[in-house]
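Here is how the chains run, residue by residue.
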Amino acid sequence: MKRVITYGTFDLLHYGHINLLRRAKQQGDYLIVALSTDEFNWNEKRKKCYFSYEKRKQLLEAIRYVDLVIPEESWAQKRTDVREYHVDTFVMGDDWKGKFDFLKEEGCEVVYLPRTPEISSSQIKADLHTIENNLEKSETDRD
């Protein structure tokens, strides 16, 4: 059985995430998703998630491509995860190209997949913020 792992926050789950998970699963037989914990997101990435770790985990577990969800608690755990879960292929979006090539030293293939260009959680958040600001401005203009 060929095991694949990918990492991410997967907040505001959208079709770009589904595309990544589908393509990651196509790299092997068993897909492990290391999901960033709320603490890791805040302490290391300075990201505040809309959905809690538990809610994001439930969403991922409901996706047919995902076989196992584990917590991502540090940047350094990738090497350990590859060993512990007997991972054959590490998959990330191509915005991380080259950053995880050190995992090849563990005998793991490293694959960077193209992102779905027209969608991202960051863009969704920015668009919602713009909409909110425009609504507030139009309410103020009416007063």
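Residues numbered from 1 in each chain as written. Predicted model: local features only at pLDDT ≥ 70, side-chain atom pairs only at ≥ 80, totals over all residues. Heavy atoms only, no water.

Mind laying out the overall build of the chain, listing which residues take part and the relevant values?
In terms of helices and strands, the chain carries 5 helices and 5 strands. Each helix and strand of the chain, ordered N terminal to C terminal, gives the series β-α-β-α-α-β-α-β-β-α. Buried positions account for 41% of the 143 residues belonging to the chain. Considering only contacts within the chain whose residues lie at least 6 apart along the sequence, 63% involve residues at least 24 apart. Surface exposure of the chain reaches about 8,500 Å², of which carbon and sulfur atoms provide 50%. One way to put it: in the chain the 23 positive side-chain charges average out to a point 3 Å from where the 26 negative ones average out. (Helix = DSSP H or I, 4+ residues; strand = E, 2+ residues; numbered from the N terminus. Buried < 20%, exposed > 50% of the residue type's maximum accessible area, 1.4 Å probe, protein only. Contact = heavy atoms within 4.5 Å. Areas by Shrake-Rupley, 256 points an atom, 1.4 Å probe, with all protein chains shown as cover. Lys, Arg positive; Asp, Glu negative; His and termini not counted. Charge placed at Lys NZ, Arg CZ, Asp CG, Glu CD.)

Pulling in residues and values, what's your account of the pattern of salt bridges?
Under the criterion given, the structure shown has 9 salt bridges. The salt bridge involving Asp 38 is made with Arg 56; its shortest N-O contact spans 2.7 Å. Linking Asp 38 in helix H2 (residues 38-45) with Arg 56 in helix H3 (residues 53-61), this pair joins segments that are 18 residues apart in sequence. Looking at Arg 56, the relative accessible area reads 0%, which means it is buried. Here Glu 72 ties to Lys 78 by a salt bridge, and the two come within 2.9 Å at their closest N and O atoms. When sorted by exposure, Glu 72 lands in the same class as Lys 78, which is buried. One network of salt bridges, with partners in common, ties together Arg 79, Arg 83, Glu 105 and Glu 106. (Salt bridge = Lys/Arg side-chain N within 4 Å of Asp/Glu carboxyl O.)

I'd like a rundown of the side chain of Thr 116, residues and numbers included.
As for its placement among the helices and strands, Thr 116 is situated in the loop between strand S5 (109-113) and helix H5 (121-142). Take Thr 116: its relative accessible area is 12%, and that puts it in the buried class. A distance of 3.1 Å separates a polar atom in the side chain of Thr 116 from a polar atom in the side chain of Asn 19. Setting aside anything within four residues of it in sequence, one finds Thr 116 in contact with Tyr 15, Gly 16, Asn 19 and Arg 23. (Polar contact = N/O pair within 3.5 Å; in protein donor to acceptor, adjacent residues only side chain to side chain.)

Describe the side chain of Asp 81, with residues and values.
Relative to the helices and strands, Asp 81 is located in helix H4 (residues 77-84). Buried within the structure, Asp 81 lacks any salt-bridge partner; its nearest side chain of opposite charge belongs to Lys 78, at an N-O separation of 7.1 Å. Engagement of the side chain of Asp 81 in a polar contact is seen with the side chain of Tyr 7, the distance being 2.7 Å. Apart from residues lying up to four places away in sequence, Asp 81 is in contact with Ile 5, Tyr 7, Ile 70, His 86 and Val 87.

Describe a nonpolar patch on the surface, and please don't skip the residues or the numbers.
A cluster of nonpolar side chains, namely Tyr 50, Phe 51 and Leu 59, defines an oily patch on the protein surface of about 310 Å² accessible area. Topologically, Tyr 50 is positioned in the loop between H2 and H3. Here Tyr 50 falls in the exposed class, since its relative accessible area comes to 62%. (Patch = residues over 30% accessible without salt bridge, like charges linked within 9 Å, V, L, I, M, F, W, Y side chains within 5 Å.)

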